[in-house]
Amino acid sequence: MTVQLNHTIVAARDKRASARFLADILGLEVSAPYGPFLPVEISNGVTLDYMDSPGAITPQHYAFLVSEEEFDEIFARIQQAGLTYWADPFHSRPGEINHNDGGRGAYFDDPDGHRLEIITRPYGSGG
């Protein structure tokens, strides 16, 4: 068996709102609850399992590799939602996208401060 990431737990103040935010922006579905988790499945079978978490949320980073067409669709939803986006993970280039490795990329935050990223080329792939 090859090692594959199956799921990760995402801490949220409101798992329903946060899971719905991700699903709506990426064009995905929120799955049925599983115990205390509310999963959002990505096309490669990995789930982000949202869980209500009391107290402070430590922001994490989640990057999604998407096609050029998907980037356009997702980026349009980011803009329609009036979200601030950046070309870099340090939030120093607001209102821009990057063209790393000959692709396109953008960063934006979810309601809990998790830093989300969409990219069309894996880092280090050249171009």
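Residues numbered from 1 in each chain as written. Predicted model: local features only at pLDDT ≥ 70, side-chain atom pairs only at ≥ 80, totals over all residues. Heavy atoms only, no water.

(A) Highlighting the sheet that holds strand β1 (residues 7-12). The strand order across the open sheet formed by three strands is β1-β3-β2, and the pairing between neighbours is mixed. Looking at which strands have only one partner, the edges of the open sheet turn out to be β1 and β2 (38-41). When the angles between neighbouring strand axes are averaged without regard to direction, this sheet yields 25°. Here β2 runs beside strand β3 (residues 47-52); their pairing, made up of four bridges, is antiparallel. Across the sheet, P39 pairs through a bridge with D49, a residue of β3. In the packing of helix α1 (residues 15-26) onto the sheet, contacts are made with β1, β2 and β3, and the angle to β3 comes to roughly 155°. (Pairing = 2+ DSSP bridges. Helix = DSSP H or I, 4+ residues; strand = E, 2+ residues; numbered from the N terminus. Axes fitted to C-alpha atoms, helices over the stretch in contact; angles between N-to-C directions. Contact = heavy atoms within 4.5 Å.)

(B) Seen up close, the pattern of salt bridges. All told, the structure shown has five salt bridges when counted by the stated rule. D24 is paired through a salt bridge with R20; the nearest N and O atoms lie 2.8 Å apart. Of this pair, D24 and R20 are both found in helix α1, four residues apart, which corresponds to roughly one turn of the helix. Using a relative accessible area of 35% as the deciding quantity, one classes R20 as partly exposed. The residue D72 makes a salt bridge to R104 at a minimum N-O spacing of 2.8 Å. With D72 in helix α2 (residues 68-80) and R104 in the loop between β5 (85-86) and β6 (105-109), this residue pair connects regions lying 32 residues apart in the sequence. Using a relative accessible area of 41% as the deciding quantity, one classes D72 as partly exposed. Residues participating in the shared-partner salt-bridge network are E68, D72 and R104. (Salt bridge = Lys/Arg side-chain N within 4 Å of Asp/Glu carboxyl O. Buried < 20%, exposed > 50% of the residue type's maximum accessible area, 1.4 Å probe, protein only.)

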